[in-house]
Amino acid sequence: MSYDIRLMSRAEREVLIRKGVTSSREVNEFYEFRNTKYSLPVIRIDINIPVYRMENFRTFTDQKEYITVNKKEADFFSKGQESESCQQVQHEILSALARKGKSDSVVPVIDVLRKEKQRESILISSSGVVINGNRRLAAMRELIVEDVAGNSEFSHINCMVLPEDATANEILDIEASLQAKPETKLDYDWIGDGQLINKLLSSGRTTTEISDMLNRSKKEIENSLQALTEVELYLKDWAFAPGEYSRVRDDAEQLFKDLPKRLEGKEPNLQDASRAIAWSLFENRDKLPGRIYDFNAAFGNLASEVLDRLSDSLGIECIAEENDDDEGFSVDVEDDDTVSYENLIESLKDEETKGDAVDALIEVCQSAIENAKGQKSGEAALKSISQAHAKLASVDLSAASKKTYPAIRKQLEVIHTISGKLLHDLKKYEE
């Protein structure tokens with residue numbers, strides 16, 4: 001059985017909290033408010049009084065997932081601060097996080113509270129909104145349900161109260177300052193962390209100010225924002241699942257933070273194709289012989305080569321259609337703009353073709369990467385020819401469909417031509 005949310009009206013909460021502040025004889029020093037040491041009054045109130053803060057970047061990804069899965073309005077949480085049903089959902093999200101550790105180094109919050117009870121006051125606004133300690137509040141509420149007698153001390157909890165004139169931006173600053181602390185940072189997933197940075201930026205902070213606030217380099221801040229942009233593109237334009245951040249939360253951080261650097265300096269059409277390579281590899285990472293990190297070069301400096309090889313493998317040309325002018329003359333301009341990867345991208349995206357296309361992509365990525373490594377040792381040519389020989393030797397024409405005969409003949413004629421040219425060139429080098 002889970003804790004059941006029963007909201008007290010905001011006006012009632014404010015009256016009770018104001019009375020508690022007036023009669024309080026205890027203060028805690030707080031250093032994350034208005035850039036100074038602040039003495040905040042501590043009050044002890046019924047555990048049912050505080051409300052969860054909906055603009056909580058620790059729960060951002062789970063909130064978006066809930067909205068998507070349950071087909072709720074986009075503002076379900078942002079407008080649900082005083083809604084019992086919304087608060088109940090937020091409680092379920094937070095209590096799940098409170099039961100979650102991280103490897104062997106971080107003990108679940110609920111286990112700490114079960115053993116040590118409340119040792120640190122929760123931070124709330126003058127209206128009872130929890131600014132820091134949402135997971136701890138959820139955990140204490142669950143412990144009350146779990147064992148009323150054994151956890152009776154959680155019937156009331158200690159709270160530090162911010163002054164009534166604390167602004168929304170100051171509350172955002174508090175979350176950012178607390179996020180900068182190493183022991184707190186562990187609680188954020190990388191999507192929520194990026195959303196916090198994005199919110200700070202939209203509130204008027206510069207990247208330099210944010211880097212100072214979070215104790216990170218400006219480059220790290222900019223990379224987090226770029227990675228978030230790449231995630232949005234992937235979910236919207238490739239996965240057709242906008243808002244489903246859970247798809248990328250757990251094992252995609254390095255890929256999406258590496259991607260902006262791999263795209264830097266490329267023409268737009270090559271950028272789009274490089275993204276298609278990266279996204280296809282990510283979605284099929286279980287097929288890769290190693291980590292996706294090992295394939296960075298395939299959508300980085302080797303992207304053009306990978307696409308050329310994939311084009312040959314799938315028999316899909318990457319030349320844009322020529323445009324005729326009004327007089328009917330054909331203009332032949334040989335530059336990067338005549339290269340179009342749209343058909344290749346579509347083959348990786350279309351449900352009917354993506355299976356074979358992805359298998360071919362993984363193969364050419366491995367080949368291109370191995371080739372690049374071989375060039376450094378002078379054995380690239382031998383490796384490529386050995387791989388081609390092995391593939392050709394394994395071909396069984398008796399199993400081929402008749403409708404593929406023309407395409408097979410065309411490919412074999414091209415291979416024959418290339419082989420002859422290579423033999424001619426080799427003879428020159430031998431002499």
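Details of the structure are given in the entry above.
Predicted, not measured: the structure shown is a model, and the values here were computed from it. (Residues numbered from 1 in each chain as written. Predicted model: local features only at pLDDT ≥ 70, side-chain atom pairs only at ≥ 80, totals over all residues. Heavy atoms only, no water.)

Novice: Break down the overall build of the protein for me, citing the residues and quoting the values.
Specialist: Helix and strand content of the protein: 18 helices and five strands. A compact globule built from 431 residues should have a C-alpha radius of gyration of about 22 Å, whereas the protein, at 30 Å, is more than 25% larger. Projected onto its principal axes, the C-alpha coordinates of the protein cover approximately 95 × 50 × 45 Å. Each of the 431 residues in the protein was classed as buried or not, and the buried ones make up 42%. Carbon and sulfur atoms form 50% of the exposed surface of the protein, whose accessible area is close to 24500 Å². For the protein, the separation between the mean place of its 57 positive charges and that of its 80 negative charges on side chains is 7 Å. (Helix = DSSP H or I, 4+ residues; strand = E, 2+ residues; numbered from the N terminus. Rg over C-alpha atoms; globule rule 2.2 N^0.38 Å. Buried < 20%, exposed > 50% of the residue type's maximum accessible area, 1.4 Å probe, protein only. Areas by Shrake-Rupley, 256 points an atom, 1.4 Å probe, with all protein chains shown as cover. Lys, Arg positive; Asp, Glu negative; His and termini not counted. Charge placed at Lys NZ, Arg CZ, Asp CG, Glu CD.)

Novice: Let's hear about the packing of aromatic side chains: which residues, and what values?
Specialist: Tallying each qualifying case throughout the model produces eleven aromatic pairs. Here F60 and Y245 contribute two aromatic rings whose centre-to-centre distance is 5.3 Å and whose plane-to-plane angle is 55°, an arrangement assigned as tilted. Of this pair, F60 sits in helix α2 (residues 60–69) while Y245 sits in the loop between α10 (218–238) and α11 (246–249), placing them 185 residues apart in sequence. F60 gets classed as buried once you look at its relative accessible area, which sits at 12%. Taken together, the ring pairs in this structure connect W190, Y234, W238, F256, W279 and F282 into an aromatic cluster. A cation over a ring is seen here: R285 above F282, with NZ or CZ 4.1 Å from the ring centre. (Phe/Tyr/Trp six-rings, centres within 6.5 Å; stacked < 30°, edge-to-face > 60°. Lys NZ or Arg CZ within 6 Å of the ring centre and 35° of its normal.)

Novice: Now, about the pattern of salt bridges: what can you tell me, with residues and values included?
Specialist: Counted according to the given criterion, the structure contains 30 salt bridges. R309 is the partner of E305 in a salt bridge, and the nearest nitrogen-oxygen pair spans 3.0 Å. In this pair, E305 and R309 both sit in helix α14 (residues 303–314), four residues apart, roughly one turn of the helix. When its relative accessible area of 26% is taken as the criterion, E305 is described as partly exposed. When the shortest N-O distance is used, the salt bridge between D425 and K421 registers 3.1 Å. Linking D425 with K421, this pair stays in helix α18 (residues 405–430), spanning four residues, or about one helical turn. Judged by relative accessible area, which is 54%, K421 ranks as exposed. Each of R53, E55, E175 and K199 takes part in salt bridges that share partners, so that together they form one network. (Salt bridge = Lys/Arg side-chain N within 4 Å of Asp/Glu carboxyl O.)

Novice: Describe helix α15 (residues 342–349), listing the residues and the values that go with them.
Specialist: For α15, the complete set of buried residues consists of L344, I345, S347 and L348. Each buried residue of α15 lies within a common arc of 160° when the element is viewed along its axis, so the set occupies one face. Facing away from the buried side of α15, by more than 90 degrees, are the exposed residues E342 and N343. (Arc of directions from axis to C-beta.)

Novice: Which residues make up the sheet that holds strand β3 (residues 122–124), and what are the values?
Specialist: One open sheet holds the five strands; their spatial order is β1-β2-β5-β3-β4, and the pairing between them is mixed. Here the strands that pair on one side only, and so sit at the sheet edges, are β1 (27–33) and β4 (130–132). Adjacent strand axes in the sheet meet at a mean angle of 45°, parallel and antiparallel pairs treated alike. For β3 and β4, the ladder comprises two bridges, and the chain directions are antiparallel. Looking at the pairing, I124 lines up with V130 of β4. Running at roughly 90° to β1, helix α6 (residues 168–179) makes contact with β1, β3 and β4 of the sheet. (Pairing = 2+ DSSP bridges. Axes fitted to C-alpha atoms, helices over the stretch in contact; angles between N-to-C directions. Contact = heavy atoms within 4.5 Å.)

Novice: For the nonpolar core, give the residues involved together with the corresponding values.
Specialist: Among the nonpolar cores identified, the biggest contains 51 residues, and Y234, V248, F256, I277, L281, V306 and L361 are the most heavily contacted of them. Contributions of two or more residues to this core are made by α8 (190–202), α10, α12 (253–263), α13 (268–283), α14, α15 and α16 (354–377). At nine residues, the largest contribution of residues to this core is made by α16. Once residues within four sequence positions are removed from consideration, V306 is found in contact with I277, A298, L361, V364, C365 and A368. Y3, I47, L94 and I144 belong to the second largest nonpolar core, which has 26 residues in total. (Core = buried A, V, L, I, M, F, W, Y, C linked by side-chain atoms within 4.5 Å.)

Novice: Run through the side chain of S211, naming residues and quoting values.
Specialist: Summarising the element assignment, S211 is placed in helix α9 (residues 207–214). The exposure class of S211 is buried, given its relative accessible area of 6%. For S211, the contacting residues outside a window of four places in its chain are R216, S217, K218 and I221.

Novice: How would you sum up α14? Please name residues and give values.
Specialist: With twelve residues, α14 extends 16 Å from end C-alpha to end C-alpha; this agrees with the ideal 16 Å at 1.5 Å per step. For α14, the complete set of buried residues consists of A303, V306, L307, L310 and S311. One face of α14 carries all of its buried residues, which in axial projection span an arc of 140°. At the C-terminal side of α14, G315 shows a positive phi close to 70°. (Expected span 1.5 Å × (residues − 1).)

Novice: Describe the packing of α10 against α13, naming the residues involved and giving the relevant values.
Specialist: Helix-helix packing is described using two parameters, namely the angle between the two axes and the distance between the axes. It is the contact of α10 with α13, at a shortest axis distance of 12 Å, that shows an interaxial angle of 80°. It follows that α10 is roughly perpendicular to α13 by the angle criterion. In this structure, α10 contributes E230, L233, Y234 and W238 to the contact, and α13 contributes R275, A276, W279, S280, F282 and E283. Along the lines of polarity and charge, the residues of the contact of α10 with α13 split into six nonpolar, one polar and three charged. (Parallel < 35°, antiparallel > 145°, perpendicular 65-115°, else oblique. Nonpolar A, V, L, I, M, F, W, Y, C, P; charged D, E, K, R; others polar.)

Novice: So what about unusual backbone geometry? Which residues, and what values?
Specialist: Residues apart from glycine generally show negative phi values, whereas peptide bonds are mostly found in trans. With a phi angle near 50°, K71 is a residue other than glycine that sits in the positive phi range. Its place among the elements puts K71 in the loop between α2 and α3 (84–98). By relative accessible area, which is 73% here, K71 ends up exposed. Positive phi outside glycine occurs at N215, with the angle close to 60°. By the element assignment, N215 lies in the loop between α9 and α10. The class for N215 is exposed, based on a relative accessible area of 61%.

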